[in-house]
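Geometric and topological summary
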Amino acid sequence: MAEYHAQNKAKLISETRRRFEAEYVTDKPDKYDPRDVERLQQDDNWVESYLLWRHNVVDETLKMLDESFQWRKEMSVNDLTESSIPRWLLEIGGIYLHGYDKEGNKLFWIRVKYHVKDHKTMLDKKKLIAFWLERYAKRENGKPVTVMFDLSETGINSIDMDFVRFIINCFKVYYPKYLSKMVIFDMPWIMNAAFKIVKSWLGPEAVSLLKFTSKNEVQDYVSVEYLPPHMGGTDPFKYSYPPLVDDDFQTPLCENGPIASEDEASSKEDIESDGKETLETVSNEEQTTLLKKINVTEHTSKAEENEKVDSKMKAFKKPLSVFKGPLLHISPAEELYFGSTESGEKKTLIVLTNVTKNVVAFKVRTTAPEKYRVKPSNSSCDPGASVDIVVSPHGGLTVSAQDRFLIMAAEMEQSSGTGPAELTQFWKEVPRNKVMEHRLRCHIVESSKPTTLTLKDSAFNMSDKTSEDLYLQLNRLLESNRKLEDQVQRCIWFQQLLLSLTMLLLAFVISFFYLLYS
């Protein structure tokens with residue numbers, strides 16, 4: 001059955017290519033961008049996405065390709081770059097990619113409150129949508145996105161049905177199969193009629209992809225770590241430009257090979273300044289004991305490779321928090337803590353522990369590959385063993401809270417080798433559903449540092465009482481912050497309610513005088 005399905009798919013792809021070339025391209029070769037025509041002949045996944053969206057009906061698929069390719073040429077999609085977009089549009093932060101939903105799909109944010117209907121800027125806004133979608137499509141090649149329509153604090157001036165229709169067409173025609181769902185957050189009642197029209201544009205099958213949510217329901221689709229505070233989340237992300245806000249993960253600067261000369265010099269400087277620091281192993285269960293009494297112990301790695309790293313990078317207090325995944329336990333669980341430039345504590349540590357009975361291959365990727373050295377960034381971990389990964393900023397570049405790290409892991413067969421060539425081939429062949437992924441945020445500490453950071457010896461000379469007091473003060477501060485956020489949200493809700501009542505009253509007065517004098 002599977003073989004028949006594969007043969008039928010190949011037959012449909014071949015027929016689509018042949019007929020599109022014969023019926024559409026031959027007569028008017030200038031109608032499309034040659035790069036799109038060439039890609040159609042080479043990229044099976046691209047052809048298949050159009051076929052699936054048209055239920056494998058070749059005639060309908062050809063019409064869709066024709067419309068899509070014409071649009072791509074008119075918009076110069078293949079040539080869209082950051083410089084193609086007006087700077088003010090990138091600075092305002094109304095449209096961007098950031099974070100993931102619970103299914104692992106990238107979030108495509110549309111902050112409607114920043115949009116004002118204006119036909120003079122419409123083309124540029126459409127180009128911005130196309131720029132982000134094309135940028136994403138080239139990197140992910142078919143993995144869908146979840147559109148986050150954030151309608152909080154939205155007024156009448158932001159309602160632009162032409163722009164909404166363009167976004168719908170992007171997923172219906174121009175980027176088929178890229179829409180996972182469309183989450184509509186905090187939609188004002190005044191826009192109910194408008195979204196009934198949107199449903200008609202989507203069609204009956206795609207209507208199920210619309211998810212209308214408030215603060216309570218939105219967490220059914222996106223976890224709090226990727227939701228902003230006004231949605232009830234904890235994501236500290238703040239939009240800014242430049243650079244482009246884009247957390248696509250890429251290979252970091254330093255793989256497993258030798259460190260380049262520039263980095264070697266930097267490493268030597270770090271060794272001289274941090275020569276008195278030691279490694280310490282702290283399990284997750286020891287957190288309570290550590291708050292009362294912190295002892296510095298020397299860490300001995302189980303792997304020869306990590307012993308070499310330890311001899312150079314002496315310095316880390318092991319993180320306390322642990323993410324317990326099916327293949328690896330990863331510490332820290334959520335955030336990598338980096339000291340400020342003044343503190344001199346530039347490096348941090350990720351500890352991986354294999355909890356399976358087989359060898360686990362892992363690799364580390366980051367959203368800012370030019371900033372960081374990661375060693376090792378592509379290796380394996382034996383059953384029951386632990387691997388220490390050293391992460392350090394490169395060449396004096398500044399750590400940003402927007403930077404992210406991705407740990408990818410997959411279980412290897414016992415017969416598989418673990419050399420560089422074998423690992424490269426393994427990652428090419430391993431099914432995506434067999435790969436465990438975990439993401440880490442970056443956090444910069446300016447002065448006082450929590451116990452999960454790399455600390456100098458002097459930082460451990462605090463009394464039991466001081467540690468407990470700091471811990472209680474931190475909890476009280478966090479609680480106060482949560483209460484303040486709740487109060488702000490209530491004020492915003494009250495303002496929106498007051499605005500709605502004012503508009504209703506105004507409409508009533510206008511209607512009254514109209515009836516009175518007509």
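How each quantity is defined
Residues numbered from 1 in each chain as written. Predicted model: local features only at pLDDT ≥ 70, side-chain atom pairs only at ≥ 80, totals over all residues. Heavy atoms only, no water. Helix = DSSP H or I, 4+ residues; strand = E, 2+ residues; numbered from the N terminus. Buried < 20%, exposed > 50% of the residue type's maximum accessible area, 1.4 Å probe, protein only. Contact = heavy atoms within 4.5 Å. Areas by Shrake-Rupley, 256 points an atom, 1.4 Å probe, with all protein chains shown as cover. Expected span 1.5 Å × (residues − 1). Bend = angle between axes of the 7 residues up to and from the residue. Pairing = 2+ DSSP bridges. Axes fitted to C-alpha atoms, helices over the stretch in contact; angles between N-to-C directions. Arc of directions from axis to C-beta. Core = buried A, V, L, I, M, F, W, Y, C linked by side-chain atoms within 4.5 Å. Phe/Tyr/Trp six-rings, centres within 6.5 Å; stacked < 30°, edge-to-face > 60°. Lys NZ or Arg CZ within 6 Å of the ring centre and 35° of its normal. Parallel < 35°, antiparallel > 145°, perpendicular 65-115°, else oblique. Nonpolar A, V, L, I, M, F, W, Y, C, P; charged D, E, K, R; others polar. Salt bridge = Lys/Arg side-chain N within 4 Å of Asp/Glu carboxyl O.

Side note on the overall build of the chain
Scanning the chain for helices and strands turns up 13 helices and 15 strands. Buried residues in the chain amount to 45% of all 518 residues. Contacts spanning at least 24 positions in sequence make up 77% of the contacts within the chain whose residues lie at least 6 apart. A total of about 27500 Å² of accessible surface is found on the chain, and carbon and sulfur atoms cover 54% of it.

Some words on the environment of Leu328
One can find Leu328 in strand β7 (residues 328-331). When its relative accessible area of 0% is taken as the criterion, Leu328 is described as buried. Residues Leu328 and Val351, spaced 23 residues apart in sequence, show a C-alpha to C-alpha distance of 9.6 Å.

Section: helix α7 (residues 161-174)
In a regular helix each residue adds 1.5 Å, so 14 residues correspond to 20 Å; α7 covers 18 Å between its end C-alpha atoms and thus fits that length. By the largest-angle criterion, Ile168 marks the main kink of α7, which is about 25°.

Here we look at the sheet that holds strand β14 (residues 404-411)
Spatial strand order, β8-β15-β14-β10-β12: 5 strands in an open sheet with mixed pairing. What marks the edges here is a single partner per strand, and that holds for β8 (335-339) and β12 (378-381). On average, each strand axis in the sheet is tilted by 25° relative to the strand beside it, whichever way the strands run. One ladder, built from 4 bridges, connects strand β10 (residues 360-366) with β12; its direction is antiparallel. Bridge assignment links Ala361 to a residue of β12, and that residue is Ser380.

Some thoughts on helix α12 (residues 420-429)
For α12, every residue scored as buried is listed here: Leu423, Phe426 and Trp427. Relative to the axis of α12, the buried residues are bounded by an arc of 95° and lie together on one face. Among the exposed residues of α12, those oriented more than 90 degrees off its buried face are Ala421, Lys428 and Glu429. In this fold, the buried residues of α12 make contact with β10, β12 and β14.

Topic: the nonpolar core
Formed by 73 residues in total, the largest nonpolar core has its most connected members in Phe20, Phe108, Ile129, Trp132, Met148 and Phe171. Val360, Ala368, Ile389 and Phe405 belong to the second largest nonpolar core, which has 25 residues in total.

A few points about unusual backbone geometry
For the bond from Ser331 to Pro332, the omega torsion is 10°, close enough to zero to count as cis. Positionally, Pro332 belongs in the loop between β7 and β8. With a phi angle near 60°, Asn56 is a residue other than glycine that sits in the positive phi range. Mapped onto the fold, Asn56 is located in the loop between α3 (44-53) and α4 (58-74). The exposure class assigned to Asn56 is partly exposed, which follows from its relative accessible area of 35%. Phi angles above zero are rare outside glycine, and Lys177 is one such case at about 70°.

Brief notes about the packing of aromatic side chains
By the definition in use, this model includes 19 aromatic pairs. Ring centres of Phe338 and Tyr372 lie 5.9 Å apart, and the angle between their planes is 40°; on these two criteria the pair is classed as tilted. One end of the pair, Phe338, is in strand β8; the other, Tyr372, is in strand β11 (residues 372-375), and 34 residues separate them in sequence. For Phe338, a relative accessible area of 0% gives the class buried. Classification of Tyr372 by relative accessible area gives buried; the value is 1%. Ring pairing ties together the aromatic residues Phe20, Tyr24, Tyr32, Trp46, Tyr50 and Phe69, which thus form one cluster. Arg39 extends its terminal NZ or CZ atom over the ring of Trp46, reaching a point 3.7 Å from the ring centre. The lysine or arginine in question, Arg439, covers the ring of Tyr100, its NZ or CZ lying 3.9 Å from the ring centre.

So, the sheet that holds strand β3 (residues 145-150)
In space, the 5 strands of this open sheet follow the order β1-β2-β3-β4-β5, with mixed pairing throughout. Single-partner strands in this sheet number two, and they are β1 (95-100) and β5 (210-213). Geometrically, the sheet is characterised by an average inter-axis angle of 25° between neighbouring strands, direction not taken into account. In this sheet, strand β4 (residues 179-185) lies alongside β3 in parallel orientation, the contact comprising 6 bridges. Note on β4: the bridge partner recorded for Val145 is Leu179. In the packing of α7 onto the sheet, contacts are made with β1, β2 (106-111), β3 and β4, and the angle to β3 comes to roughly 170°.

Quick notes on the packing of helix α2 (residues 34-42) against α4
Look at α2 against α4: their axes get within 9 Å of each other, and the N-to-C directions meet at 140°. In this view, α2 runs oblique relative to α4, as classed from their interaxial angle. Between α2 and α4, the contacting residues are Asp36, Val37, Arg39 and Leu40 on the first element and Leu65, Phe69 and Arg72 on the second. A class-by-class count of the residues in the contact of α2 with α4 yields 4 nonpolar, no polar and 3 charged.

Considering the pattern of salt bridges
This model, assessed by the stated rule, comprises 18 salt bridges. Between Asp59 and Arg19 there is a salt bridge; the shortest N-O distance is 2.6 Å. Here Arg19 lies in helix α1 (residues 2-25) and Asp59 lies in helix α4, a separation of 40 residues in the sequence. Overall, Arg19 belongs to the buried group, its relative accessible area being 18%. Note that Glu153 and Lys113 form a salt bridge whose closest N and O atoms lie 3.5 Å from each other. One end of the pair, Glu153, is in the loop between β3 and α7; the other, Lys113, is in the loop between β2 and α6 (122-140), with 40 residues separating them in the sequence. For Glu153, a relative accessible area of 41% translates into the label partly exposed. Through salt bridges that share partners, Glu15, Arg19, Glu23 and Asp59 make up one connected network.

Observations regarding the pairing of β4
In the case of a regular strand, side chains alternate between the two sheet surfaces. Taken across its 7 residues, β4 has 7 buried, putting it largely inside the fold. Bridging between β4 and β5 involves 4 bridges; their strand directions are parallel. For Val183, the partnering residue across the bridge sits in β5 and is Lys211.

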